[in-house]
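# Remarks on the overall topology
Listed here are the chains, written in short residue letters.
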Protein chains: 2
Amino acid sequence: MTAPRAPEQRFESLVDALREAILTGRYAPGTRLVQEELAEAYGISRIPLREALRRLEGEGLVVISPNKGAVVRPLAPKDVVDLYELRLALESLALRRAAERFADLRESTRRRHAEAKRAIAARALPALFKLDRDFHADVAAASDNPHLVAALGAQWSQIMRVMHAYFQVEMYPEAVWDDHEAIVDALAHGDADTAIAVLTRHLSESRDAILAHLRSRAAAPNTS
Amino acid sequence: MTAPRAPEQRFESLVDALREAILTGRYAPGTRLVQEELAEAYGISRIPLREALRRLEGEGLVVISPNKGAVVRPLAPKDVVDLYELRLALESLALRRAAERFADLRESTRRRHAEAKRAIAARALPALFKLDRDFHADVAAASDNPHLVAALGAQWSQIMRVMHAYFQVEMYPEAVWDDHEAIVDALAHGDADTAIAVLTRHLSESRDAILAHLRSRAAAPNTS
DNA sequence: CTCCGCTAGATTGTATACAATCTTCTGACG
DNA sequence: CGTCAGAAGATTGTATACAATCTAGCGGAG
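Now for a look at the structure at hand. Since we're looking at a predicted model, the values are computed, not measured.

### Re the relation of the copies chain A and chain B
When chain A is fitted onto chain B, the two copies agree to an RMSD of 0.0 Å after a turn of 180° and an axial shift of 0.0 Å. Such a combination of turn and shift is consistent with a two-fold rotation axis. Mapped onto chain B, 100% of the interface residues of chain A are again interface residues, and the two copies thus contact each other with one and the same surface.

Okay, structure coming up:
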């Protein structure tokens, strides 16, 4: 997994590893990132590690305070609302552009749907999230707008952090993938409005489930 | 201008200086950024400079290739189309949220309009661009969605690069600021649809002017 | 004349070392 | 008993030094 990649992309691998650890919540929001610890963990000196942290700072995943150090960017409930609002706007644009090109993502989506069924049965949440992300990345790519893809990628990083922090298996019904299939069907017919309508409901439900969970958790902090 | 700021934010000042140089075209798209040259220019060693470049890489302003070095991210005509498309989606969302809150930006806009008149008379393009950016930053801030503000900020950095690379004074009529005033008037009345309609036309005109300029330049590469 | 391989110089990548700053603990004073 | 000054330890910031890699220019083979 921590493959000995070609030395030319050692740095990129480092950034990817750190990013993945942040997205999956292994480094949870607010966690302090001590340079020497991380450097030793990844078998490098602090110099390249610091550069990786700066890169992630630029991506909005890490906050660095002078002489204080780096922490995984914190997440508040309002972030959830703001992120889903932003994501809807970006993904709607992606759908509109993808529909104009009659993008056909039905095959890969069906394949992912089958995988998702297995993941739900196995209660494998991280695998589910990854399938979800891959699906939406396909939609983004179908827009043929690299800047939109990049912006959506950044938002998705934040969304992944929210999911790994707040989602439960029960909140992830298979119906999610029915929505995905409805979206790609509409896309293949060039029907952007339908696709966006489904997406809008899809995201509202997802967001509201998270917010409801947050409220219940705030009421009973130590449920576990 | 290169103020001796408090030592705690030396790094942030360095990033700001580099970013500003990129946005204003002093470091034009495609320019190679040689570490030792820049380090000497800013009176520091390569270590903090490299970190600054990594940060800008994360912001999408710089491209770094292993063992090759950093380059100001190149700009192609398609980038102009893609960026304006993305910007319209983001700024429409900002307008909608600002209108919901009846944000009143009329005063500051009128003030900027007056400054813009002077800048146009003086043919001071960089000053004009800055006024433009500040106006749109106000709109973004009025959305009360920090993630949207950040996303729009990143897009604006790219837009600024486009402007400084391709804009001419003749392409910047004072009518731009009439549009701005129409937008803030609509906002103050909570009329998001009107604001978005004006913005849509506003951006189309701006984009088309740039594209027309690019085409004419491609036809006659060595004018001037 | 062209193309290939090679060397010298330029440039990037990073480990080490040390300075600067912050944090925590201790102990004295009120 | 609380508070504050100070010192020790921990952590971050960066300059220097050197290794790794790339680039450009030269000379020889075909």
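### Details of the interface of chain A and chain B
Taken residue by residue, the interface counts 28 residues in chain A and 28 residues in chain B. For the chain A and chain B pair, buried surface summed over both sides reaches about 2,700 Å², with 55% attributable to carbon and sulfur atoms. When the buried area of chain A at its contact with chain B is split by residue, Glu 51, Arg 54 and His 147 of chain A rank highest and sum to 25% of it. Applying the counting criterion to the chain A and chain B interface returns eight salt bridges. Of the charged contacts in the structure, one is a salt bridge between Arg 97 of chain A and Glu 85 of chain B, with a shortest N-O distance of 2.4 Å. In this assembly, chain A and chain B are joined by 16 residue pairs in polar contact (both at pLDDT 80 or more). Elements supplying a minimum of two residues to the side of chain A that touches chain B: helix H3 (46-58), helix H4 (77-100) and helix H7 (146-166) of chain A. When residues of the side of chain A that touches chain B are assigned to their parent elements, the largest contribution, ten residues, is made by H4 of chain A. Residue composition of the side of chain A that touches chain B, grouped by class: eleven nonpolar, three polar and 14 charged.

### Some points on the packing of helix H8 (residues 175-188) of chain B against helix H9 (residues 192-219) of chain B
All names here are of chain B. Put simply, H8 and H9 touch, their axes get as near as 8 Å, and they point 160° apart. By the angle between their axes, H8 is roughly antiparallel relative to H9. You can see that H8 and H9 cross each other, and the crossing is left-handed. Taking contact as the criterion, the partners of Val 176, Asp 179, His 180, Ala 182, Ile 183, Ala 186 and Leu 187 in H8 are, on H9, Thr 194, Ala 195, Val 198, Leu 199, Arg 201, His 202 and Glu 205. The class makeup of the residues in the contact of H8 with H9 is eight nonpolar, three polar and three charged.

### So, the pairing of strand E3 (residues 69-72) of chain B
Residues and elements named next belong to chain B. In this sheet, E3 lies alongside strand E1 (residues 32-33) in antiparallel orientation, the contact comprising two bridges. Bridge pairing links Leu 33 to Ala 70 in E3. Examined bridge by bridge, strand E2 (residues 62-65) and E3 share four bridges and lie antiparallel to one another. Bridge assignment links Val 62 to a residue of E3, and that residue is Val 72. Taken together, E2 and the strand that follows it, E3, pair antiparallel across an intervening segment of three residues, in which Asn 67 is found at a positive phi of about 65°.

### Some words on the packing of aromatic side chains
What the rule picks out here adds up to eight aromatic pairs over all chains. Look at Phe 129 of chain A and Tyr 172 of chain A: their rings are 6.5 Å apart centre to centre, the planes differ by 55°, and that puts the pair in the tilted class. In this pair, Phe 129 of chain A is assigned in helix H6 (residues 125-142) and Tyr 172 of chain A in the loop between H7 and helix H8 (175-188), connecting sequence segments 43 residues apart. Taking the relative accessible area as the measure of exposure, Phe 129 of chain A reaches 2% and is therefore buried. Between the aromatic rings of Phe 129 of chain B and Phe 167 of chain B, the centroid separation amounts to 5.9 Å while the plane-to-plane angle is 85°, which identifies the pairing as edge-to-face. In this pair, Phe 129 of chain B sits in helix H6 (residues 125-141) while Phe 167 of chain B sits in the loop between helix H7 (146-166) and H8, placing the two residues 38 residues apart along the sequence. For Phe 167 of chain B, a relative accessible area of 9% translates into the label buried. Looking at Arg 54 of chain A, its charged tip hangs above the ring of Phe 11 of chain B, at a distance of 3.5 Å from the centre. The lysine or arginine in question, Arg 26 of chain B, covers the ring of Tyr 27 of chain B, its NZ or CZ lying 5.2 Å from the ring centre.

### Thoughts on helix H1 (residues 10-23) of chain A
The end-to-end C-alpha separation of H1 of chain A is 20 Å, in line with the 20 Å expected for 14 residues at 1.5 Å each. All of the buried residues in H1 of chain A are Phe 11, Ser 13, Leu 14, Val 15, Leu 18, Arg 19, Ala 21, Ile 22 and Leu 23 of chain A.

### Here's the deal with the protein's contact with DNA strand D
As a structural note, the neighbourhood of DNA strand D is formed by 19 residues, with Arg 46, Arg 50 and Asn 67 of chain A together with Arg 10 and Ser 45 of chain B the closest of them. Of what DNA strand D places within 4 Å of the protein, 75% of the atoms are sugar or phosphate. Within the side chain of Arg 32 of chain A, an N or O atom sits 3.2 Å from a sugar or linking oxygen of DNA strand D. When residues of the surface near DNA strand D are traced back to their parent elements, those giving at least two are strand E1 (32-33) and H3 of chain A together with helix H3 (46-59) of chain B.

### Points about the pattern of salt bridges
When the charged atoms of two side chains with opposite charge come close together, those side chains can pair. For the coordinates displayed, the defined rule picks out 44 salt bridges over all chains. Among the salt bridges present, the one from Glu 100 of chain A reaches Arg 97 of chain A, with a minimum N-O distance of 2.7 Å. Residue Glu 100 of chain A and its partner Arg 97 of chain A are located together in helix H4, separated by three residues, close to a single helical turn. Taking the relative accessible area as the measure of exposure, Glu 100 of chain A reaches 52% and is therefore exposed. What emerges from the salt-bridge pattern is a single network uniting Glu 12, Asp 16, Arg 19, Glu 51, Arg 55 and Glu 59 of chain A together with Arg 50, Arg 54 and Glu 57 of chain B.

Rules of the game
- Residues numbered from 1 in each chain as written.
- Chains lettered and ligands numbered in written order.
- Predicted model: local features only at pLDDT ≥ 70, side-chain atom pairs only at ≥ 80, totals over all residues.
- Heavy atoms only, no water.
- Least-squares fit on C-alpha atoms with pLDDT ≥ 70 in both.
- Contact = heavy atoms within 4.5 Å.
- Buried area = accessible area lost by both parts, 1.4 Å probe.
- Salt bridge = Lys/Arg side-chain N within 4 Å of Asp/Glu carboxyl O.
- Polar contact = N/O pair within 3.5 Å; in protein donor to acceptor, adjacent residues only side chain to side chain.
- Helix = DSSP H or I, 4+ residues; strand = E, 2+ residues; numbered from the N terminus.
- Nonpolar A, V, L, I, M, F, W, Y, C, P; charged D, E, K, R; others polar.
- Axes fitted to C-alpha atoms, helices over the stretch in contact; angles between N-to-C directions.
- Parallel < 35°, antiparallel > 145°, perpendicular 65-115°, else oblique.
- Left-handed = near helix turned anticlockwise from the far one by under 90°.
- Pairing = 2+ DSSP bridges.
- Phe/Tyr/Trp six-rings, centres within 6.5 Å; stacked < 30°, edge-to-face > 60°.
- Buried < 20%, exposed > 50% of the residue type's maximum accessible area, 1.4 Å probe, protein only.
- Lys NZ or Arg CZ within 6 Å of the ring centre and 35° of its normal.
- Expected span 1.5 Å × (residues − 1).
- Near = heavy atom within 4 Å.

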